Amino acid sequence: MSTIRQGDPGRVEVLDEEGAPRDGAVLPDLDDGDLVAMYRDMYFLRRFDRRMVGLSRQGRIGSLPPLRGHEAVQAATVHALDDGDWIVPSYREHGAMTVHGLDPARVLWYFMGREDGNAVPSDVNALPINGSVGSQVPHATGAAWAARMKGDDRAFACYFGDGATSEGDFHEGMNFAGVFDAPVVFVCSNNQWAISVPRERQTAAATLAQKARAYGFEGLQVDGTDPLALYRVTRDAVRKAKDPDEDEARPTMVEAVLYRLGAHSTADDPDVYRDGVPEEWERKDPVPRFESFLLETGRLDGEDRDALQDEVEGRIDDAVDRAEAAAAGDPDEIFEHTYADLPPRLREQRDYLDDLRERRGDDALLNDDH
């Protein structure tokens, strides 16, 4: 890690707030095409997120967690993985899943309440979206350990927020990974807020990254709005996780320090518990910051940028059209995949639903007062 300049003590940074390389910074080993591809994915996540928020406000999809401000951490860390590696998302990493190959129309299906929207195709190495806080950490550790025992050369990127580090599952998963050298890269998106609870009310630790040291492996804090720093740190962590020398192969925790520029979810009003977004974080908005780097260094010109952005808008339009054109899911699916034998209370609810649909049709589900 010594090849990357560190700005704040212990925090890895490559770009300054204007998107220029910091003095002495060494750029990651990526060609211009790779850098533009990373920007394309970040721009897609920004625009897709905005479109999804609009669809949610219109009632065309359900509530969702916006990812504005998280584009760099979700795109850059996935770019740092190898093709066979896996991602284990929390509830906000639907963007990372699209970067890793998931059809964005399936993301829309998920937020439409379709059961098949939560079924990840076999050609995408990702676990489904996880709605409960922190429970995916032991899942990722177990899957990574199983891969190591089978001799599979794969790393597992496990995503979670700062709030998850207050959960027992986080500590259990981290401890197991440290003891058994599971090939996991733990990616913590520290966006300063666990819904309405600020970071300083969650832990007295100076950093979240230092929690990894208690479990015997390295924790690094990185600027979560800097895609170049994120790529470099994550790429090194992936190599370490899969080191052919078993004595050197170790997990890593990456604390990506960023700020949640939007609401926790479309059912949340952040103005109730915080006074807007601090100016310093508005200046570090990852998408225009990285665009500025590409334009100023000649890796992208205005004409190519406009064409790229038009391509992204067309891709989003296509995903929305395909998602909405598909047949609606069966409401009975909400009773499946939880219990082998449905408990009496849920059987009563299913029977009520079936009776309501038979008497009044599916439109009644949108208007029933019960």
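Residues numbered from 1 in each chain as written. Predicted model: local features only at pLDDT ≥ 70, side-chain atom pairs only at ≥ 80, totals over all residues. Heavy atoms only, no water.

## Quick look at the overall build of the protein chain
Turning to step 1, where the next piece is worked out: Helices and strands together make up the secondary structure of the protein chain, namely 12 helices and 8 strands.
Turning to step 2, where the next piece is worked out: In terms of overall dimensions, the protein chain is globule-like: its C-alpha atoms have a radius of gyration of 21 Å, near the 21 Å expected for 370 residues.
Turning to step 3, where the next piece is worked out: With respect to the three principal axes, the spread of C-alpha positions in the protein chain is 70 × 50 × 40 Å.
Turning to step 4, where the next piece is worked out: Per-residue burial over the protein chain gives 50% buried out of 370 residues.
Turning to step 5, where the next piece is worked out: Of the accessible surface of the protein chain, which amounts to about 17,100 Å², a share of 45% is contributed by carbon and sulfur atoms. (Helix = DSSP H or I, 4+ residues; strand = E, 2+ residues; numbered from the N terminus. Rg over C-alpha atoms; globule rule 2.2 N^0.38 Å. Buried < 20%, exposed > 50% of the residue type's maximum accessible area, 1.4 Å probe, protein only. Areas by Shrake-Rupley, 256 points an atom, 1.4 Å probe, with all protein chains shown as cover.)

## Structural notes on the pairing of strand β7 (residues 218-223)
Turning to step 1, where the next piece is worked out: Most of β7 sits inside the fold, with 5 of its 6 residues counted as buried.
Turning to step 2, where the next piece is worked out: In this sheet, β7 lies alongside strand β1 (residues 11-12) in parallel orientation, the contact comprising 2 bridges. Among the inter-strand pairings, V12 is bridged to a residue of β7, identified as V222.
Turning to step 3, where the next piece is worked out: In the classification by handedness, the crossover that spans β7, the intervening helix α7 (residues 227-241) and the parallel strand β8 (residues 252-257) is right-handed. (Pairing = 2+ DSSP bridges. Right-handed = clockwise from strand over helix to strand, strands pointing away.)

## Some points on the sheet that holds strand β3 (residues 156-161)
Turning to step 1, where the next piece is worked out: If you walk across this open sheet you meet the 6 strands as β1-β7-β8-β4-β3-β2, and the pairing is parallel. Strands at the two margins of the open sheet, each flanked by one partner only, are β1 and β2 (86-88).
Turning to step 2, where the next piece is worked out: Packed onto the sheet, α7 meets β1, β4 (184-190), β7 and β8 and runs at close to 160° relative to β7. (Contact = heavy atoms within 4.5 Å. Axes fitted to C-alpha atoms, helices over the stretch in contact; angles between N-to-C directions.)

## Here's the deal with helix α2 (residues 71-79)
Turning to step 1, where the next piece is worked out: With 8 of 9 residues buried, α2 lies mostly within the body of the structure.
Turning to step 2, where the next piece is worked out: Residues of α2 that are buried: E71, A72, V73, Q74, A75, A76, T77 and V78.

## Side note on the confidence of the model for the protein chain
Turning to step 1, where the next piece is worked out: Per-residue confidence for the protein chain averages 91 on the pLDDT scale, and 95% of its residues sit at or above 70.
Turning to step 2, where the next piece is worked out: When pLDDT is averaged over each helix and strand of the protein chain, the minimum, 55, is found for helix α12 (residues 364-367) and the maximum, 98, for α2.
Turning to step 3, where the next piece is worked out: Note on residues 1-9: pLDDT is under 50 here. Beyond four places in sequence and across chains, it has 21 contacts. (pLDDT = per-residue confidence, 0-100.)

## Describing the packing of helix α5 (residues 136-150) against helix α6 (residues 168-180)
Turning to step 1, where the next piece is worked out: Put simply, α5 and α6 touch, their axes get as near as 7 Å, and they point 20° apart. Relative to α6, α5 is oriented roughly parallel. Where α5 crosses over α6, the two elements pack in a sense that is left-handed. Residues V137, P138, T141 and W145 of α5 form the contact with α6, whose own contacting residues are D169, F170, G173, M174, F176, A177 and F180.
Turning to step 2, where the next piece is worked out: Per-class residue counts for the contact of α5 with α6 are 8 nonpolar, 2 polar and 1 charged. (Parallel < 35°, antiparallel > 145°, perpendicular 65-115°, else oblique. Left-handed = near helix turned anticlockwise from the far one by under 90°. Nonpolar A, V, L, I, M, F, W, Y, C, P; charged D, E, K, R; others polar.)

## Quick look at unusual backbone geometry
Turning to step 1, where the next piece is worked out: Despite not being glycine, Q192 has its phi angle at roughly 80°, a positive value.
Turning to step 2, where the next piece is worked out: Tracing the backbone through its elements, the reader meets Q192 in the loop between β4 and β5 (193-194).

## Regarding the pattern of salt bridges
Turning to step 1, where the next piece is worked out: For the coordinates displayed, the defined rule picks out 28 salt bridges.
Turning to step 2, where the next piece is worked out: Ionic pairing is found between R51 and D317, a salt bridge with its closest N-O pair at 2.8 Å. Of the two residues, R51 sits in helix α1 (residues 32-57) while D317 sits in helix α10 (residues 302-325), which places them 266 residues apart along the sequence.
Turning to step 3, where the next piece is worked out: D317 gets classed as partly exposed once you look at its relative accessible area, which sits at 34%.
Turning to step 4, where the next piece is worked out: Counted as one network, the salt bridges with shared partners bring together D82, D85, R235 and K242. (Salt bridge = Lys/Arg side-chain N within 4 Å of Asp/Glu carboxyl O.)

## Re α1
Turning to step 1, where the next piece is worked out: The terminal C-alpha atoms of α1, which comprises 26 residues, lie 38 Å apart, in line with the 38 Å expected from a rise of 1.5 Å per residue.
Turning to step 2, where the next piece is worked out: In this structure D31 caps α1, since a side-chain oxygen of it lies 3.1 Å from the backbone nitrogen of G33. (Expected span 1.5 Å × (residues − 1). Polar contact = N/O pair within 3.5 Å; in protein donor to acceptor, adjacent residues only side chain to side chain.)

## Structural notes on empty space enclosed by the protein
Turning to step 1, where the next piece is worked out: Overall, the coordinates contain 1 cavity of 30 Å³ or more when judged by the stated rule.
Turning to step 2, where the next piece is worked out: Taken as a whole, the largest cavity spans an internal volume of roughly 60 Å³.
Turning to step 3, where the next piece is worked out: As for the largest cavity, its lining consists of M97, L102, R106, V107, Y110, G117, N118, A119, V120, P128 and I129.
Turning to step 4, where the next piece is worked out: At 3 residues, the largest contribution of residues to the lining of the largest cavity is made by helix α4 (residues 104-112).
Turning to step 5, where the next piece is worked out: Its residues assigned to classes, the lining of the largest cavity shows 8 nonpolar, 2 polar and 1 charged. (1 Å grid on protein atoms, 1.4 Å probe; cavity = no way out; pocket = protein on both sides within 12 Å on 5 of 7 lines; lining within 4 Å. Points joined across faces, edges and corners; volume = space filled by probe spheres on them.)

## Notes on the state of the cysteines
Turning to step 1, where the next piece is worked out: In this structure the tally under the stated criterion is 0 disulfides.
Turning to step 2, where the next piece is worked out: The structure places no disulfide on C158, whose sulfur is separated from the nearest cysteine sulfur, that of C188, by 10 Å. (Disulfide = S-S within 2.5 Å.)

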